[in-house]
Amino acid sequence: MHDFNYKKSELCAENVPVRKMVEKFGTPLYIYSYKTLVRHYYAFENAFNGYPHIICFALKANSNTAILKTLAKEGCGADVVSGGELYLAMKAGIPANKIVYAGVGKTGDEIRYALKSGILMFNIESTDELKAVNKIAGESGIKAPIAFRVNPNINASTHPYISTGLKKHKFGIPMERAIENYRLARKMSNINIIGIHCHIGSQITKISPFIDALKKVLLLSKKLKPYGINIKYLDIGGGLGITYRNEVSPHPADIAKEIIPLISNNNFTLILEPGRSIVGNAGILVTKVLYLKKSFKKEFVIVDAGMNDLIRPSLYEAYHHILPVKKNKRTEMHADIVGPICESGDFFARERKINAPAHGDLLAVMSAGAYGFSMSSNYNGRLRPAEILVKESEYSVIRERETYMDLFRGEKIPGFLR
Ligand code: LLP
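Positions within a chain are numbered from 1, following the residues in the order the chain's sequence is written. In view of the model being predicted, local features appear only for residues whose pLDDT reaches at least 70, and side-chain atom pairs are presented and counted only at 80 or more, with totals across whole chains, interfaces and linings using the full set of residues. Excluded from the side-chain calculation are hydrogens and water; included are all heavy atoms of the structure.

Caption draft 1: Layout of the pattern of salt bridges. For salt bridges, the criterion is a side-chain nitrogen of Lys or Arg within 4 Å of an Asp or Glu carboxyl oxygen. By the definition in use, this model includes 19 salt bridges. Across the pair arginine 112 and aspartate 109 runs a salt bridge, and its minimum N-O distance is 2.9 Å. Highlighted residues: arginine 112 and aspartate 109, both in helix H5 (residues 108-117), separated by 3 residues, approximately one helical turn. Each residue is placed in one exposure class: buried if its accessible area under a 1.4 Å probe, protein chains only, is under 20% of its type's maximum, exposed if it is over 50%, and partly exposed if it falls in between. Exposure remark for arginine 112: the relative accessible area of 29% places this residue in the partly exposed category. The class for aspartate 109 is exposed, based on a relative accessible area of 58%. Arginine 399 is paired through a salt bridge with glutamate 402; the nearest N and O atoms lie 3.5 Å apart. On the basis of relative accessible area, glutamate 402 is assigned to the buried category, the value being 5%. Here a helix means four or more residues in a row that DSSP labels H or I, a strand means two or more in a row labelled E, and each is numbered from the N terminus.

Right under this line is the structure:
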């Protein structure tokens with residue numbers, strides 16, 4: 001569900017016509033809906049209302065400060081994977097004691113920073129990392145609160161690049177090695193074991209993989225008890241899918257209904273790390289048609305956004321609906337909708353049925369709020385787009401469009417070239 005709807009024949013973000021914002025801020029343009037964001041956050045918050053829990057928004061999906069502030073104000077926590085994300089989360093007002101930190105390659109500096117910040121817990125992904133955290137915690141004089149990210153070997157049946165819970169993946173420690181790692185951690189003087197973490201993949205459209213993973217994690221928590229290891233935080237990661245095309249994902253309430261009975265007899269605090277399901281359908285990328293071109297038998301619609309702005313179609317062959325900002329009754333055609341980047345993989349859609357666009361038409365690439373701007377780059381010397389947040393009839397720039405100056409920010413000319 002989202003709040004980008006046609007009023008008469010004009011696409012609006014909440015109450016504001018998309019065209020109006022494009023006239024002011026140009027294209028390509030990311031536009032987000034405040035209402036969608038908050039509603040999606042509460043879909044989780046309300047679903048798990050009856051059980052102690054923390055919703056930790058996965059910053060990797062979208063780390064714009066205004067988006068984070070929107071969520072922070074409602075009480076949201078954060079799942080971060082770098083010092084940079086930790087900094088952004090705290091800057092947006094997310095309290096450190098609601099921040100969990102995952103990732104297979106945390107550096108010494110990042111570990112130190114997270115310890116000093118007082119995060120809720122490190123989600124440890126290897127024995128080597130555990131040793132590093134213990135050492136740095138000792139040096140810092142702070143006990144490190146940890147969970148192990150365990151890999152439950154569950155097939156999340158999603159795109160191979162975004163599936164993470166199988167044995168062949170680099171994430172977490174194998175379930176079979178979990179107990180020995182917990183026992184090792186228990187012996188370490190600067191480690192405080194408080195949780196178990198698992199995340200099995202992204203864009204998951206069924207409940208069963210979540211339940212299967214949870215059952216494995218619950219079993220582990222039981223097996224740890226005889227060793228005097230009591231788990232307080234059960235972090236079941238993120239990964240709930242959204243509708244890009246016609247997928248139907250379970251509502252958080254459907255998941256809660258199955259999860260809560262399984263844990264109701266325990267005194268856990270449940271942690272969830274949704275990213276896409278909160279912000280994915282809260283954002284669109286608006287682009288302008290530059291040229292139309294027929295090459296042999298193929299029709300191309302060349303737009304002013306590229307794979308540097310939204311890489312999902314190029315990287316995962318991901319489907320995104322593409323809607324005209326102003327509805328029209330032109331004849332239908334099949335075309336590739338492509339960007340200006342010098343790569344054949346620079347496309348938003350292939351052989352897509354659309355009403356023949358004309359020069360200057362505006363198109364909205366839908367469901368672009370998650371892993372859109374956050375995966376953008378300056379490839380081909382392109383300026384990253386502006387971002388706008390709409391709330392009812394109000395709208396505000398939450399990130400300025402980049403300028404040419406931004407393209408060489410931080411670069412230096414060596415003396416021998418002067
Ligand atoms: N927690 C952990 C440990 C994760 O690795 C991820 C995503 C999440 C939470 C959030 O998952 P979500 O609820 O957003 O599915 N760039 C890809 C998605 C990569 C996801 C990586 N990890 C895409 O555009 O589809």
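Continuing now.
Caption draft 2: Layout of a nonpolar patch on the surface. A surface patch of nonpolar side chains, about 390 Å² in accessible area, is lined by Ile413, Phe416 and Leu417. Relative to the helices and strands, isoleucine 413 resides in the segment after helix H12 (404-407). Each patch groups residues whose relative accessible area exceeds 30% and which form no salt bridge, using 9 Å between like charges and 5 Å between nonpolar side chains of Val, Leu, Ile, Met, Phe, Trp and Tyr. Under the convention used here, a 1.4 Å probe and the Shrake-Rupley method define accessible areas, while residue burial counts only the protein chains that appear.

Caption draft 3: Region of interest: the site of the ligand. Looking at the ligand, there are 19 residues lining it, with Ser202, Glu273, Arg312, Tyr316 and Tyr371 nearest. Between the ligand and tyrosine 371, the relevant distance is 2.6 Å, taken from an oxygen atom to a side-chain nitrogen or oxygen of the residue. Nonpolar residues are Ala, Val, Leu, Ile, Met, Phe, Trp, Tyr, Cys and Pro. Charged residues are Asp, Glu, Lys and Arg, and all others, Gly as well, are polar. Residues belonging to the shell around the ligand are distributed by class as follows: 6 nonpolar, 7 polar and 6 charged. Counting only domains with at least three residues in the shell around the ligand, you end up with domain 1 (4-32 + 280-408) and domain 2 (95-274). For this purpose, a residue is taken to be near a molecule or strand whenever a single non-hydrogen atom of the residue falls within 4 Å of it. Within 3.5 Å is the distance limit for a polar contact, defined as a pair of N or O atoms, with the added protein rule that one can donate a hydrogen and the other accept it, and that residues adjacent in sequence qualify only through two side-chain atoms. For the purposes of this description, domain bounds are those given by an automatic or database domain assignment.

Caption draft 4: How the structure looks around the sheet that holds strand E2 (residues 10-13). Pairing is antiparallel in the open sheet, where 3 strands are placed in the order E1-E2-E3. The open sheet has two edge strands, strand E1 (4-7) and strand E3 (16-17), and neither has a second partner. Where E2 and E3 come together, 2 bridges link them in antiparallel fashion. Following the sheet pairing, alanine 13 is matched in E3 by valine 16. The pairing criterion is simple: DSSP has to find at least two bridges between the two strands.

Caption draft 5: Broad picture of the side chain of aspartate 304. By the element assignment, aspartate 304 lies in the loop between strand E15 (298-303) and helix H11 (312-316). Residues counted as positive are Lys and Arg, residues counted as negative are Asp and Glu, and His and the chain ends are not counted. Although aspartate 304 is buried, it makes no salt bridge; lysine 288 carries the closest opposite charge, 5.1 Å away. Within the structure, the side chain of aspartate 304 is placed 2.5 Å from the side chain of threonine 27, a separation counted as a polar contact. At 2.6 Å, the side chain of aspartate 304 and the side chain of threonine 287 are in polar contact. Sequence-distant contacts of aspartate 304, defined by excluding residues within four places in its chain, comprise Thr27, Pro28, Thr287, Lys288, Leu290, Asp309, Pro340 and Arg382. In what follows, residue pairs with any heavy atoms lying within 4.5 Å of each other are defined as contacts.

Everything listed is a geometric property; what it means functionally is a separate question.
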